[in-house]
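Residue-level listing of the chains:
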Amino acid sequence: VYVITYEIENTSHEKVIKTRTVIVKNTEVSVNIEKNLTTNYISRNMVLTIEITGSNFSYIKYPDGTTSSDKVSNYTIKENGHYKFLIYNKNSNYITHEIDVTEIDKTAPIGTCIVNVINNKSQFLVNASDNLSGISKYEYYGNNKLITSSSNSTYTASTTYTSGYVNIYDKVGNISKVNCEIQNS
């Protein structure tokens with residue numbers, strides 16, 4: 001806020017004084033977008049928190065084409081990708097804010113399983129991968145009963161099984177059930 005005083009005097013020494021108040025408003029608009037992550041990966045939709053500052057803000061245009069005039073809002077991301085937000089001021093000018101989302105893992109791990117039956121023992125051999133969060137554990141089942149849970153991709157049971165499968169978990173809880181091929185030696 002600025003106060004400007006004008007004083008004018010004519011040749012007859014008559015004075016006129018005028019005071020004006022000038023208020024300079026912040027015409028800039030800025031945006032802050034938070035991903036709200038507690039871990040590196042999540043297995044659900046991601047909610048972005050968007051905070052916009054500046055008195056000249058008019059509205060935001062979200063990547064899906066919808067708009068909002070709220071200075072604080074949320075936007076839900078359902079899959080990984082590149083997202084572009086347009087933040088408009090009252091003069092219809094806009095700034096662009098772009099964000100990459102790579103932390104959503106809704107895909108279950110993949111894998112194969114072989115059970116080698118040798119000398120009254122069953123050796124489970126699992127080959128598994130998860131391209132985002134990674135593998136966390138394996139649950140081994142023989143004859144449809146849980147044998148053990150382990151972070152190891154191999155397990156040897158001191159029993160002969162005629163059927164087997166393994167549940168493979170990634171680090172955010174996605175699960176794959178993989179039937180094992182039984183090989184008798």
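Everything here concerns the structure above.
Residues numbered from 1 in each chain as written. Predicted model: local features only at pLDDT ≥ 70, side-chain atom pairs only at ≥ 80, totals over all residues. Heavy atoms only, no water.

> An account of the nonpolar core is requested, with residue identities and associated values reported.
Grouped together as the largest cluster of nonpolar side chains are 19 residues, with contacts concentrated most on Ile50, Ile52, Ile60, Ile77, Phe85 and Ile87. If you list the elements that add at least two residues to this core, you get strand 3 (30-34), strand 4 (46-53), strand 5 (57-61), strand 7 (72-77), strand 8 (81-89) and strand 9 (94-101). Broken down by element, the residue count for this core peaks at four residues, all from strand 4. If sequence neighbours within four positions are ignored, isoleucine 77 has contacts with Asn45, Met46, Leu48, Tyr83, Val101 and Ile104. In terms of nonpolar packing, the next biggest core, distinct from the first, is built from 13 residues, Ala157, Val166, Val178 and Cys180 among them. (Core = buried A, V, L, I, M, F, W, Y, C linked by side-chain atoms within 4.5 Å. Buried < 20%, exposed > 50% of the residue type's maximum accessible area, 1.4 Å probe, protein only. Helix = DSSP H or I, 4+ residues; strand = E, 2+ residues; numbered from the N terminus. Contact = heavy atoms within 4.5 Å.)

> Mind laying out the environment of valine 72, listing which residues take part and the relevant values?
Along the chain, valine 72 falls in strand 7. When residues no more than four places from it in sequence are discounted, the contact partners of valine 72 are Ile50 and Glu51.

> Break down the pattern of salt bridges for me, with residues and values.
Per the stated rule, a full pass over the model turns up three salt bridges. For glutamate 7, the salt bridge is made with lysine 15, and the minimal N-O distance between the two is 3.6 Å. Between lysine 137 and glutamate 139 there is a salt bridge, and its shortest N-O distance comes to 3.8 Å. The exposure class assigned to lysine 137 is partly exposed, which follows from its relative accessible area of 29%. Look at glutamate 139 and you get buried, because its relative accessible area is 11%. (Salt bridge = Lys/Arg side-chain N within 4 Å of Asp/Glu carboxyl O.)

> Could you give an account of the packing of aromatic side chains, with specific residues and numbers?
What the rule picks out here adds up to 10 aromatic pairs. Measuring from ring centre to ring centre gives 5.6 Å for tyrosine 75 and phenylalanine 85, while their planes differ by 85 degrees; the resulting arrangement is edge-to-face. Of the two residues, tyrosine 75 is situated in strand 7 and phenylalanine 85 in strand 8; the sequence distance between them amounts to 10 residues. Taken individually, tyrosine 75 and phenylalanine 85 each receive the classification buried, so the pair is uniform in this respect. Ring centres of tyrosine 88 and tyrosine 94 lie 5.1 Å apart, and the angle between their planes is 45 degrees; this geometry places the pair in the tilted category. Taking relative accessible area as the criterion, tyrosine 94 reaches 48% and is therefore assigned partly exposed. (Phe/Tyr/Trp six-rings, centres within 6.5 Å; stacked < 30°, edge-to-face > 60°.)

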